Amino acid sequence: MEAKKGNEYKKNKETIFSAIQPSGAMTLGNYLGAIKNWSELQENYKCIFALADLHTITVRQNPENFRKNTIELYALLLACGINPEKSLFFIQSHVHTHSELAWILDCYTQFGELSRMTQFKDKSKKYTDNINAGLFSYPALMAADILLYGADLIPVGEDQKQHVELTRNIAQRFNGIYGETFVVPEAFIPKTGARIMSLQNPKSKMSKSELNPNACIFLTDSQDTIIKKFKRAVTDSGTQVKFTPEEKTGINNLMNIYSTFENKTFDEIEKEFEGKGYGVFKTAVAESVIANLLPIQEKFKEYISDKEYLQKKYRQSAITALEISENTLKRAKEKIGFIVN
Ligand code: ATP
Ligand code: LTN
């Protein structure tokens, strides 16, 4: 009986789950790699999205900035087209089942598996004075987020693929011990935009916690700032706008951004800018980004000035999220042998 409840919620459509951390202002990387797809997926799937604020405290946060980033990100996602009438969109820390299942899954996740996570290795090099247990066991919390909702598909950028793979392993291990309990999910990586690189160092990904502000386009950047950042973007010494597969060059990165926004192939872009040089291309990329972000920026201003509406939406969503996730948690606890209340 219990097992059916999760499925009842799914009805005929596959379930999508994804989340983003309120660890800073949203970047163009987050938008193209994740959020743009989320709003498109709402049309054909049952979608559940969250602000993963419990994940965010794996890196020390200033309380005031943390609160501001969270509410602004909620408003910004609505502005990007996440529709709370179509999708469930909640704040992770409002739904206590996430922390509870995370602890349980910690006990089904191996030290060796967590030690191999690239993000843990990167972040423990970056934050040497705070390599905390949460940073290490973070993928078990992410697995809890996903498994609580019986999600089939997880739309994420390339960098999160390893965590989704680990979630699959945890789910399969648990199901192997106790019988079918969790849906085994799959990562859903976009064809273009899955890995937008830093404008200052095209070998590393554009990240919202990057210290050099010129490396990142933020969704709320002004038009002037966007133009300046693209003009300063690091490119090689060549002049021809040409895509070189397998290489992490600045021009490839700009072509990737342009191609995703303009829906053009690399061949089409090469033809469009033949003989025109990098300067002209950089301006075209900047203009395309500005035009695409403008409607989002306008909607963001409206949403962020209506705190009451935001509160109403995240409160309602948390109630529904709790109802769904409690069923899964209860089922898992029963299988393990807890006396369930
Ligand atoms: P942080 O710097 O705090 O680690 P982040 O900018 O890497 O944050 P997340 O909140 O971890 O972003 O990621 C949210 C979503 O955006 C994830 O699905 C992630 O894969 C995607 N994403 C993040 N950066 C990029 C990028 N440069 N290109 C494409 N997708 C990205
Ligand atoms: N770890 C992800 C954010 C995240 C997530 C999730 C993504 C938390 N829980 C569940 C997909 C599914 C990140 O840092 N980008």
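Our subject in this report is the structure included herewith. (Residues numbered from 1 in each chain as written. Chains lettered and ligands numbered in written order. Predicted model: local features only at pLDDT ≥ 70, side-chain atom pairs only at ≥ 80, totals over all residues. Heavy atoms only, no water.)

**Concerning the overall build of the chain**
- Regarding its fold elements, the chain presents 14 helices and five strands.
- Oriented by its inertia axes, the alpha-carbon framework of the chain measures out at about 70 × 45 × 40 Å.
- For the chain, the exposed area adds up to about 16600 Å²; of that, 50% sits on carbon and sulfur atoms.
- Seen as two clouds, the 44 positive and the 41 negative side-chain charges of the chain have centres 2 Å apart. (Helix = DSSP H or I, 4+ residues; strand = E, 2+ residues; numbered from the N terminus. Areas by Shrake-Rupley, 256 points an atom, 1.4 Å probe, with all protein chains shown as cover. Lys, Arg positive; Asp, Glu negative; His and termini not counted. Charge placed at Lys NZ, Arg CZ, Asp CG, Glu CD.)

**Considerations on the site of ligand 1**
- Neighbouring ligand 1 are 21 residues; Asp-159, Ile-196, Lys-205, Ser-207 and Ser-209 lie closest to it.
- A distance of 3.2 Å separates a nitrogen atom of ligand 1 from a polar backbone atom of Gly-29.
- Calculation on ligand 1 without its partners gives an accessible area of 600 Å², and the protein chains cover 97% of this total.
- Examining the composition of the shell around ligand 1, we find that four residues originate from one element, helix H2 (residues 28-41), more than from any other.
- Among the residues forming the shell around ligand 1, the class breakdown is six nonpolar, 10 polar and five charged. (Near = heavy atom within 4 Å. Polar contact = N/O pair within 3.5 Å; in protein donor to acceptor, adjacent residues only side chain to side chain. Nonpolar A, V, L, I, M, F, W, Y, C, P; charged D, E, K, R; others polar.)

**Details of the nonpolar core**
- In this structure, Met-26, Leu-77, Phe-230, Phe-281 and Val-289 are the most contacted members of the largest nonpolar core, which totals 59 residues.
- Beyond its immediate stretch of four places on either side in the chain, Phe-230 contacts Leu-28, Leu-199, Ile-217, Leu-254, Ile-257, Lys-282, Val-285, Ala-286 and Val-289.
- Counting residues in hydrophobic clusters, the runner-up holds 40 residues, among them Phe-17, Ile-48, Val-156 and Ala-318. (Core = buried A, V, L, I, M, F, W, Y, C linked by side-chain atoms within 4.5 Å. Buried < 20%, exposed > 50% of the residue type's maximum accessible area, 1.4 Å probe, protein only. Contact = heavy atoms within 4.5 Å.)

**Regarding the site of ligand 2**
- In the neighbourhood of ligand 2, 13 residues make up the surrounding shell, with Gln-21, Tyr-138, Met-142, Asp-145 and Gln-160 lying closest.
- A distance of 2.7 Å separates a nitrogen atom of ligand 2 from a polar atom in the side chain of Asp-145.
- When the free accessible area of ligand 2 is taken as 360 Å², the share hidden by the protein chains comes to 91%.

**A closer look at H2**
- Taking 1.5 Å per residue, 14 residues should reach 20 Å; H2 reaches 19 Å between its end C-alpha atoms and fits that length.
- A maximum bend of about 40° is found in H2 at Ala-34.
- For H2, the buried fraction is high: 13 of the 14 residues fall into the buried class.
- Sitting at the amino-terminal end of H2 is Thr-27, which places a side-chain oxygen 3.1 Å from the backbone nitrogen of Gly-29. (Expected span 1.5 Å × (residues − 1). Bend = angle between axes of the 7 residues up to and from the residue.)

**Quick word on the side chain of Asp-152**
- Note on placement: Asp-152 falls in the loop between helix H8 (133-147) and strand E4 (153-155).
- From its side chain, Asp-152 meets the backbone nitrogen of Thr-15 in a polar contact 2.7 Å long.

**Section: the environment of Thr-15**
- Along the polypeptide, Thr-15 turns up in strand E1 (residues 15-20).
- Assessed through its relative accessible area of 0%, Thr-15 is described here as buried.

**Describing the pattern of salt bridges**
- Within this structure, the stated rule accounts for nine salt bridges.
- Glu-100 is paired through a salt bridge with Lys-333; the nearest N and O atoms lie 2.7 Å apart. A residue pair is termed long-range when its members are at least 10 positions apart, and Glu-100 in helix H5 (residues 97-106) and Lys-333 in helix H14 (residues 307-336) qualify at 233 residues.
- Residue Glu-100 is classed as partly exposed on the basis of its relative accessible area of 29%. (Salt bridge = Lys/Arg side-chain N within 4 Å of Asp/Glu carboxyl O.)

**Regarding the state of the cysteines**
- A full pass over the atoms with the stated rule returns zero disulfides.
- Here Cys-216 stays unpaired: no disulfide links it, and the sulfur of Cys-80, its closest cysteine neighbor, is 15 Å away.
- We classify Cys-216 as buried; its relative accessible area is 1%. (Disulfide = S-S within 2.5 Å.)

**A few points about helix H9 (residues 161-178)**
- Here H9 is 18 residues long and its end C-alpha atoms lie 26 Å apart, about the 26 Å a rise of 1.5 Å per residue gives.
- When H9 is considered as a whole, its buried residues turn out to be His-163, Val-164, Leu-166, Thr-167, Ile-170, Ala-171, Phe-174 and Asn-175.
- Just beyond H9, the residue with positive phi is Gly-179, at close to 90°.

**Side note on the side chain of His-55**
- Structurally, the position occupied by His-55 is in helix H3 (residues 53-56).
- Taking the relative accessible area as the measure of exposure, His-55 reaches 3% and is therefore buried.
- The contact partners of His-55, leaving out residues within four places of it in the chain, are Gln-21, Gln-92, Tyr-138, Leu-141, Met-142 and Asp-145.

**Quick word on the pairing of E1**
- Counting buried positions along E1 yields five of six residues, so the element is predominantly enclosed.
- Looking at chain direction, E1 and strand E2 (residues 46-51) are connected through six bridges and run parallel. Counterpart to Phe-17 in the pairing with E2 is Ile-48.
- Following the chain from E1 across H2 to the adjacent parallel E2, one finds a crossover that is right-handed. (Pairing = 2+ DSSP bridges. Right-handed = clockwise from strand over helix to strand, strands pointing away.)

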